[in-house]
Structure formats: C-alpha cells, structure tokens
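Structural description and commentary
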Amino acid sequence: MDKFEQAFNEIIEKDLKVEPRDWMPEKYRKNLIRQISQHAHSEVIGMQPEGNWLLRAPSLRSKQVLLAKIQDEAGHGLYLYSVAETLGISRQEMNAQLHSGEAKYSSIFNYPTLTWADMGAVGWLVDGAAIVNQVSLQRTSYGPYSRGMVRICKEESFHQRQGYEIMVQMANGTPEQKEMAQDALNRFWEPSLMMFGPHDADSAHSSQSMAWKIKRESNDHLRQRFIDRTVPQAHFLGLTIPDENLKFNEETGHWETSPFNWDEFWNVIKGNGPCNRERLDHHKKAHNENAWVREAAAAYSSKVETSVA
Amino acid sequence: MESGDRTWEVFIQKKPGLAFKHAGSCHGYDKKMAIQNARDLYTRRGEGRALWVVPTEAIVSVPLDDAEAFFDPGEDKAYRHATFYKIPDGVSHL
Amino acid sequence: MKLELQHDESKFLIRLADTSVILGQRLAEMCSRGPFLEEDMALSNISLDLFGRAEELYKLICKIEGADYTPDDLVYRRNEREYYNIKLVEQPNEDFAWVIARQFFHDLYAETLFGQLTTSSNAELAGLAVKVLKEIKYSHMHAADWMDRLGLGTEESNHRLQYAVDHLRKYIVEIFDFDDLDRRFIADTASLETTWRNAVSAKLQACNIEEKEIVTPSIRDFRDGYHSEHMGNLLSIMQYLPRAYPDAKW
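Keep in mind the model is a prediction, meaning the values are calculated, not measured. (Residues numbered from 1 in each chain as written. Chains lettered and ligands numbered in written order. Predicted model: local features only at pLDDT ≥ 70, side-chain atom pairs only at ≥ 80, totals over all residues. Heavy atoms only, no water.)

Moving on, we come to the sheet that holds strand β3 (residues 50-55) of chain B. Residue and element names in this part refer to chain B. The strand order β2-β1-β3 describes an open sheet built from three strands, whose pairing is antiparallel. Two strands bound the open sheet, and with one partner strand each, they are β2 (21-28) and β3. The sheet shows a mean angle of 30° between the axes of neighbouring strands, taken without regard to direction. (Pairing = 2+ DSSP bridges. Helix = DSSP H or I, 4+ residues; strand = E, 2+ residues; numbered from the N terminus. Axes fitted to C-alpha atoms, helices over the stretch in contact; angles between N-to-C directions.)

Pasting the structure below:
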C-alpha cells in the first residue's frame, strides 16, 4: 500500500471527506460517477412527469409553486452534474450515457402522471422518499457530493410539503377530488417504496458502497424509515394505503408491508415501464432539436471572446 | 466537453463587506452567459448581492505531491500567533 | 359570476395582466425543452416573474373593481374573446429563435411601459412597476444577449432568427395603435413607440438581422379581444381543470 492509498483509507476510516484532488481507488471513482450521474439524471428526467401538469396547473399559486419546484430539479441536476465533473467525466459524456441507456435514472419517473392529484403524490411520496435518501447522503464520504446534498436537502425542504398540501386539498375536496387523491396514492405507493432499490441482499453495489461510506445506510433501512413516516401521514389524509397486509408491529415499532412486486421493478429498470421510451425520447428530442442553438453559442463565443480570462 | 461549452467557478458575496465564497461551478459558452447561469443556479433564494465567475482552467492549485512542502513549514511558527507572547497582568489593550 | 370590468383603470390594467400571464404560459411550455439545462432554468425564472407580475396586476384589478371574484377567476374563467393580451405573446414556440425574438420584442415594450407606470398616480401600481421594472431589465438583457448569439452565431441561427423576426413583427403594429384608454394611463405613448422602434432597429442591425419592409397586416385589435388561432388552444390547456371541475377548489 503506497502513501496515497493509506491516506485514502485513513480519510474513510476517520469519517473525513475525500476531495477531488485526493488519490482514490479507480473503483471508488467509477462507483461514485455511476451513482452521482444516476442521481443527476433522475433530477432531470424527473422534470417531465411534473412538467406534464405544469401548463394545466389549476391556480396561479399552484402554477408558480410547481414551476419553482421543477426549476429546482433542473438546478439540482446541475449541482450533481458538476459534482460528477470533479471526478473527470464531462456533461456531454453523461448525456451520451443517458441517451444510450448505459446510465440509469430512478425508475419512478417512468410512471405516468395521470391526474392533478399525481402532483400531490409525486411531491409527497416521491420527493419524500428521495429526501430520506438524500438526508442520509449528506454524510457521504466524497466531499463535493456531501456538500451538494446539504444544499439540495435545504432547498428541497419545500418540495414534499408542496405535495402534501395538494393531497390535503384534494382529500378534503369534492368527491371527485378525493377519488383522484386515493387513485394517485394507489398508483404511487409501491413504486415509491421501490425507489430505495432492491433488498439489501439483492443489491449489486451496496456492500462496497457502504464500506467506502458512499452510502451510509442500507436500502431496507431507509425504506423502513420512509414507511414509518408516511403511513400516519396517509391516515391523517383519510386515505387508505393500498396494502391489505399493512400492519403495525408493536414489538419493533415498525409498519410491516406485503412483499413488493419485484418482477415489475426489474422490468421497469430494464426499460419496459409505461414511459421509459417517452422520457428518453423527450430528452433526446430537446437536445437534438436545439443543437443549432449550442452551435450558435459556440460560434459566437469564439468570435467575441478571444481571451479566456 | 461539447465544443465552446466551458465550466466556470462561481463565487458569491452574501452581503457587502463579506468575503466572496466559492459556491460551486457552472457552465457557459461566454462570460455573459456564465454569469447569468451562475445567478440562476446559485442565487435563486437571495443567497448573494454580488457574483464572480472565473474560468475553471484559470484556477491554479497546489499539486497534491507538494502539499506537505507548501503547508507543513507554516505549522510550527508559533511566534506568528498572539498567544505566543506573555504580557504582565494589569496591562490592557494589547 | 360576472367578470365584466366596470372601471377604466382595470380595463387598461387587464391588458398588461393578460399579456403577462399568456407569455408566462408560453415560456412554461419550454420547461425541459431548452437547448441545455441552464437555459431551462433561465426561461423558468422569467416565466415565474411573469406569473407573479400577472397575479399582482389581477389583484389590483380585483381591488379597483371591489370584486367578489379572484385573480384565478379572471385567469381561468374567461374565454378567448374576453382576453386582452397583445397577440405577440400568444405566438407559439416554433423554435428557440421565436422564443428569444418574442421575448426581446416584449421586454423592450414592457420596459418602457412599466418605466412610465412608476410615476402612476395609483401608488400601488407605481410601487409594483418599480419592482417589475427590475425583472424586465434582467429578462431584456438575457434576450438581447441571445439575439447577439443567434444573429451573429452561425448561418443557420441567423436564418432562424431572421425568420422568427419577420413573422413576429407582424404583431407589432397593433401594440402602438393606441386608444383613449392607453392615452389616459400611459404618460407618453409617442415615446413608447419611438423608444421601441429605435432600440429594435439598432439591435437588429447590430446582430445582422434585416429589418424588412412589412405591409401593415389586416389584423383586428387585441384591445377588442381579437386573437390568433393559437389563443384558444393555449387557454383550453391552461383552463382545463377549473373548467372541468367548476365546483372544486385547488
């Protein structure tokens, strides 16, 4: 072991942060790039299911809130892309990996948003699940990622509340609105639980990520925390969690659920979800149809900016 | 990187009188775009009153290998700190 | 619910409010469709400013009218012929050049207009104009920079911008065809037009876009609630939920 590797191991052991210029094992770097770019792509693709209702937001207030939220997601995508860039991969490469299917994004965004209540469910459940995960990642061992997470968590604190506010409104609204709210919960409940990834025993990258302190808590652990928080929130709304076997275990103090439909989970990951193709096509289309704009910006810059500094 | 697209380091001054603090980086094809992108990315919530962007490639840093040579010699010069000196009791404003 | 306005000041202000909300909606359509993420954020910011501006203006209108309806009622429960936005802003996002040219034309107009309103005798309106003016100055700068990039960038971008400019200029004439209401509330209508025309000419020349002769089109005035065909489609999307569920609160 050379002195650089020793220094790296010491950083991990002592819960310090690895910085971009520090030596790190190639696998650590690759693992980080995979996770961070996936995280970034999720923010960016996640703009689409919400964007689907942006133009139909039913009040000036809800329109501004939703747009500000989607804009935050673009911003968080950008923070994360720039974190990944510190590891030596360019935005262009990450985009190419997204388009080729080599890089993934969270499967939850391959589900369609069918009614306005879905804006509630997405904020409450999807952002809620993401926040549980991201709070844990504030302690990740890679410095720029950790600092990015701190910033993102701070900014996203309104996202889940925004969603829950819509759910409250709908659950206490007309019978039709209440029906939409229940329907949205029915459709997003299980997919949002699966956002935490496979069970710990089946998770390909988990153990190494935990050892390097990239991930700080296991999938199942985080998932349980989310379930325990969310079930009482659903009860408050007067909505029913779509799981007949849901029950509170007095001994452990945790809510227990039915086994998930992992076949669907893997099928959606493999590209066969309701909107996989649509999400990627949308992204590619915007990118490709605007290539001329980027070319213009590059040409203009080379004409007017002779010196960099 | 896509031709023409460059990265810039972003520094924000929270309010007049404070130091500019590094906030992160952003992309931009030219100076005007870079500073506008930095504004939209880093000051959406009133985080600052002044903003700098600097081309990332213009940043010079100490090579990792030289870190010890650069910084260790500064660590044992206790006489550069006020606490090094003994002042008799009863003397004030020192 | 009767949404007919009784006061001249609100009849004038609703033109500005409608123009803001419709342009905000058009820009919101660009969300996740920009040339790159940073520009997505920039356009979202401008869109947010426009929705916020519209909301404040509608609030002023409701106040002047002593109304029992809300800004949302005005936005979601009027049809095409009851909307009074300039037609320029309802034109579609054919491509990024249209977005930029439309924004540049609008911002120049709005900047002078709200600049004049900062001295309005209605203190609330004057205060709002001061705030709005800052937003417009930024948006104007953003659009003007892109006019340069597209006009002077590549041959393709120059052609696209030229095409957008040629089309959109047809919707300029009506803006300066002032009526009595305009003349009552805009201190200096003549300078509004000359400032706009001079600045546009200078910009087009600077970014290598030809200012072609255009024949005055036979288009009826936005002040009477006339629109292009795009308007009904825009509203049918925007107003869908409150129209489909009239009893629901959102």
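In this structure, the second largest pocket spans a volume of roughly 1,300 Å³. Forming the boundary of the second largest pocket are 36 residues, of which E9, H22, A23, G24 and S25 of chain B lie nearest the centre. Of all the secondary structure elements, the ones that give two or more residues to the lining of the second largest pocket are α4 (60-85) and α7 (143-171) of chain A together with β1 (6-13) and β2 of chain B. The element contributing the most residues to the lining of the second largest pocket is α7 of chain A, with seven residues. Among the residues forming the lining of the second largest pocket, the class breakdown is 13 nonpolar, 11 polar and 12 charged. (1 Å grid on protein atoms, 1.4 Å probe; cavity = no way out; pocket = protein on both sides within 12 Å on 5 of 7 lines; lining within 4 Å. Points joined across faces, edges and corners; volume = space filled by probe spheres on them. Nonpolar A, V, L, I, M, F, W, Y, C, P; charged D, E, K, R; others polar.)

All names here are of chain C. Packing of helix α5 (residues 123-152) against helix α8 (residues 189-206) leaves a shortest axis separation of 9 Å and a crossing angle of 35°. Between α5, through A144, M147, D148 and L152, and α8, the contact on the second element is made entirely by K203, L204 and A206. A breakdown of the residues in the contact of α5 with α8 according to their chemical character gives five nonpolar, no polar and two charged. (Contact = heavy atoms within 4.5 Å.)

What follows deals with the interface of chain A and chain C. Taken together, the contacts link 41 residues of chain A with 49 residues of chain C. For chain A, the biggest contributors to the area lost against chain C are L55, L60 and W292 of chain A; these three give 19% of the whole. Our count for the chain A to chain C interface comes out at one salt bridge. Viewed at the interface, chain C and chain A are joined by 17 residue pairs in polar contact (both at pLDDT 80 or more). Of all elements in the fold, only α3 (47-54), α4, α7, α8 (175-194), α12 (276-289) and α13 (291-304) of chain A reach the threshold of two or more residues within the side of chain A that touches chain C. (Buried area = accessible area lost by both parts, 1.4 Å probe. Salt bridge = Lys/Arg side-chain N within 4 Å of Asp/Glu carboxyl O. Polar contact = N/O pair within 3.5 Å; in protein donor to acceptor, adjacent residues only side chain to side chain.)

In an α-helix there are 3.6 residues to a turn, and that puts residues three or four apart on one side. All names here are of chain C. Across its 22 residues, helix α4 (residues 96-117) extends 31 Å between first and last C-alpha, which sits within 8% of the 32 Å expected from 1.5 Å per residue. When you tally the buried positions in α4, you get 21 out of 22 residues, the bulk of the element. Two or three places before A97, at the start of α4, stands the capping residue D95, its side-chain oxygen 2.9 Å from that residue's backbone nitrogen. (Expected span 1.5 Å × (residues − 1). Buried < 20%, exposed > 50% of the residue type's maximum accessible area, 1.4 Å probe, protein only.)

This part is about a negative patch on the surface. Residue and element names in this part refer to chain B. Taken together, the side chains of D65, D66, E68, D72 and E75 define an acidic patch exposed on the protein surface. Looking at the element boundaries, E68 is found in helix α2 (residues 67-71). Residue E68 is classed as exposed on the basis of its relative accessible area of 53%. (Patch = residues over 30% accessible without salt bridge, like charges linked within 9 Å, V, L, I, M, F, W, Y side chains within 5 Å. Areas by Shrake-Rupley, 256 points an atom, 1.4 Å probe, with all protein chains shown as cover. Lys, Arg positive; Asp, Glu negative; His and termini not counted. Charge placed at Lys NZ, Arg CZ, Asp CG, Glu CD.)

A separate point is unusual backbone geometry. All names here are of chain A. A positive phi angle, close to 60°, is found at D15, a residue other than glycine. As for its position among the elements, D15 is in the loop between α1 (3-13) and α2 (26-45). A residue is classified by how much of its surface remains accessible, and D15, at 43% relative accessible area, is partly exposed. Within the chain, K213 stands out as a residue other than glycine whose phi angle is a positive 60°. Mapping K213 onto the fold places it in the loop between α9 (206-211) and α10 (219-237).

Time to look at the interface of chain A and chain B. Counting residues at the interface gives 28 residues for chain A, matched by 23 residues for chain B. Buried area between chain A and chain B, summed over both chains or domains, comes out near 2,300 Å², and the portion from carbon and sulfur atoms is 49%. Counting across the interface, chain A meets chain B through six salt bridges. Here chain A is connected to chain B by 11 residue pairs in polar contact (both at pLDDT 80 or more). Those elements that place two or more of their residues in the side of chain A that touches chain B are α1, α4, α5 (91-100), α7 and α13 of chain A. For the side of chain A that touches chain B, the element with the highest residue contribution is α4 of chain A, accounting for eight residues.

On to the side chain of D228 of chain A, then. All names here are of chain A. Tracing the backbone through its elements, the reader meets D228 in helix α10. Within the buried set, D228 has no salt-bridge partner at all; the shortest N-O distance to an opposite charge, 7.9 Å, is to R225. At 2.4 Å, the side chain of D228 forms a polar contact with the side chain of H254. Within the local environment of D228, its side chain forms a polar contact with the backbone nitrogen of W255, the two atoms lying 2.9 Å apart. Ignoring anything within four residues of it in the chain, the contact list for D228 reads G253, H254 and W255.

Turning our eyes to something else, we now look at the nonpolar core. One finds Y28, W116 and Y142 of chain A together with Y58, F114 and L150 of chain C to be the most contacted residues of the largest nonpolar core, which totals 185 residues. No other element matches α4 of chain C, which puts 14 residues into this core. Contacts of Y142 of chain A, omitting those with residues within four sequence positions, involve V18, E19, P20, M24, Y28, L32, I36, V83, T86 and L87 of chain A. (Core = buried A, V, L, I, M, F, W, Y, C linked by side-chain atoms within 4.5 Å.)

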